[in-house]
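# Secondary and tertiary structure notes
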Amino acid sequence: MDYVEIKGGQPLRGTVQVSGSKNATLPILAACLLTSKTSVIRGYPHLRDVDTMIRILRALGVSVRVSYQRIEVTPGKSRKFVAPYGLVSTMRASICVLGPLLARQHKAQVSLPGGCVIGPRPIDLHLKGLKALGAQIRIEHGYVVAEAKVLKGSDIYLGGHFGSSVLATGNVIMASVFAKGRTLIEDAATEPEVVDLAEFLNKMGARVQGAGTHVIQVDGVDRLHGADHTVIPDRIEAGTFIVGAAVTGGDVTIKNCRLGHLNAAVDKLQQAGVDFVRSDGALRVRAPRRLKPVDVTTLPYPGFPTDMQAQMMALMSVTPGISVITEKVYPDRFMHVSELNRMGSHIFLEGSSAIVNGVKSLSGAQVMASDLRASAALVLAGLVAEGKTLVSRVYHLDRGYETLEQKLVQLGAQVRRIKK
Ligand code: EPU
């Protein structure tokens, strides 16, 4: 098992280039299933989750050619419709092949994704949306089996107990592109990744309007063609480097980031005392050594992203004073708390809030990553901890951060991967 070793104490300084968005790339690759023709996806991140989606497409009989700059996807005449457990169980986002398979093949059999350390992740909203379009759905031997001779446009309210759902919105949009008539999705997710998916679908010839708002309208078309698309930059990777600069008292210029996608995080960090200068698509982040504590509540976009909660907690851990971090998207997403406490943080949980009593310093320790964003938080904590931090289970990091260690080293951090 690999480890990442961090020697704390160096402020991050310099320029870093953000990669393409993982969470935009995954549903866009799934959307390629909606045509027999070739689509080209550029600017994608080189990550394990993207490899998994490529393996799922290949398992579905799709030809996928991968080079460093682009992925070329050609479904051709393949009529396979089963996304197998072995692949789906390793990545929940695989569920987003359900909508496109149903739309084009009229049948989809996708393994139920199963549990996840960030809490229960049901798919009821995905299924509700597909049923509203006319699909018959049953759960059989651990698989979702969805069938529909014809899909018909419908008015669908897609809000859930924890707000809107990003992948359910994507799935229902994709399922409805060929549906007869008009589909209206209400309480749709407004995340930039949904907007990017809609842009890709429209380039393929779909008629999707309103993405980025809570009401999305899809007018059914007869067929789609291939498209060429460059995915948006990864806002969570950008946010992670912002916190990296903030936690180390550094000075980092972040390139390839859409500033408008980062407003909630930038606003909170400004309140904490971080200084931002925006220019020409780049963001310069400068932080004083001492910040102020801020309270954070995660919410669907444009609120503060749940995918930045753990990183923000690492920052607040070393910001003297009390801050309260409340998780409203995944109320159980707190596996990183005990690991941060092993490094000397003072955090205790009260329901879906973490009360963080910021300390002056952390001390390096051997810690275990539990999920992607939790791993990022432990690496950030390691950057300021005294001595060495050893983060295990770094395969979580590889799912969502492209060459994180190299990028941190380029910014002056003392980080290396130890292969065991
Ligand atoms: N939910 C339901 N029913 C559903 C679907 C979701 O109750 O059918 C609930 C979830 O349990 C959660 C809330 O709705 O409480 C929001 O979940 P959502 O469906 O939006 O999450 P997702 O689409 O499965 C994507 C990202 C996650 C990110 C969330 C929230 C991808 C591949 N994944 O997941 O990213 O945390 O949106 O923004 O896009 C990550 O990158 O580390 C990651 C976990």
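Residues numbered from 1 in each chain as written. Predicted model: local features only at pLDDT ≥ 70, side-chain atom pairs only at ≥ 80, totals over all residues. Heavy atoms only, no water.

Right, let's get into the nonpolar core. Counting 73 residues, the largest nonpolar core has L29, L34, I71, V97, L98, V110 and L201 as its most contacted members. With residues near it in sequence (within four places) discarded, V97 still touches A30, L33, M53, I56, A83 and V110. One finds V18, A245, C257 and L315 within the second-largest nonpolar core, a separate group that totals 71 residues. (Core = buried A, V, L, I, M, F, W, Y, C linked by side-chain atoms within 4.5 Å. Buried < 20%, exposed > 50% of the residue type's maximum accessible area, 1.4 Å probe, protein only. Contact = heavy atoms within 4.5 Å.)

To continue, consider the environment of T15. Among the secondary structure elements, T15 is positioned in strand β2 (residues 13–17). In sequence terms T15 and D307 are 292 residues apart; their C-alpha atoms lie 23 Å from each other. (Helix = DSSP H or I, 4+ residues; strand = E, 2+ residues; numbered from the N terminus.)

Moving on to the sheet that holds strand β14 (residues 228–230). The four strands are arranged β4-β5-β3-β14 in an open sheet whose pairing can be described as mixed. Each edge of the open sheet carries a strand with a single partner, namely β4 (63–66) and β14. Shown here is a sheet whose adjacent strand axes are inclined to one another by a mean of 15°, direction ignored. Here four bridges tie strand β3 (residues 39–42) to strand β5 (residues 70–74), and the two strands are oriented antiparallel to one another. The residue of β5 that forms the bridge with S39 is V73. (Pairing = 2+ DSSP bridges. Axes fitted to C-alpha atoms, helices over the stretch in contact; angles between N-to-C directions.)

Sheet topology note: the β3/β14 ladder contains three bridges and is parallel. Considered in β14, the bridge of V40 is made with D228.

Running from N to C, helix α1 (residues 22–31) and helix α7 (residues 192–203) cross one another at 30°; their axes reach a closest spacing of 9 Å. With respect to α7, the element α1 is oriented roughly parallel. In this structure, the crossing between α1 and α7 has a hand that is right-handed. In this structure, α1 uses N23, A24, P27, I28 and A31 to contact α7, whose residues at the interface are E193, D196, L197, F200 and L201. Its residues placed into classes, the contact of α1 with α7 shows seven nonpolar, one polar and two charged. (Parallel < 35°, antiparallel > 145°, perpendicular 65-115°, else oblique. Left-handed = near helix turned anticlockwise from the far one by under 90°. Nonpolar A, V, L, I, M, F, W, Y, C, P; charged D, E, K, R; others polar.)

A few words on helix α4 (residues 98–105). Helical geometry note: an α-helix holds 3.6 residues per turn, so side chains three or four residues apart project in the same direction. Here α4 lies mainly inside the structure; eight of its eight residues are buried. Taken as a whole, α4 has its buried residues at L98, G99, P100, L101, L102, A103, R104 and Q105. Those residues of α4 that are buried lie in contact with α1, β7 (107–111), α5 (124–132), β9 (143–147) and α6 (166–176). Positive phi appears at H106, one or two residues downstream of α4, with a value of about 65°.

A word on the site of the ligand. Around the ligand lies a shell of 23 residues, among which D124, L125, S165, D307 and V329 are the nearest. P122 has a polar backbone atom sitting 3.2 Å from an oxygen atom of the ligand. Between V329 and the ligand, the recorded distance is 2.4 Å, taken from a backbone N or O atom to an oxygen atom. For the ligand, the protein covers 92% of the area, taking 820 Å² as the surface of the free molecule. Within the residue set of the shell around the ligand, elements represented by two or more residues are α1, α5, α6 and α12 (372–384). No other element matches α5, which puts three residues into the shell around the ligand. Its residues assigned to classes, the shell around the ligand comprises 12 nonpolar, five polar and six charged. A domain-level breakdown of the shell around the ligand finds at least three residues from each of domain 1 (3–19 + 233–418) and domain 2 (22–230). (Near = heavy atom within 4 Å. Polar contact = N/O pair within 3.5 Å; in protein donor to acceptor, adjacent residues only side chain to side chain. Areas by Shrake-Rupley, 256 points an atom, 1.4 Å probe, with all protein chains shown as cover. Domains from an automatic or database assignment.)

Function cannot be inferred from these measures alone, as they are strictly geometric.
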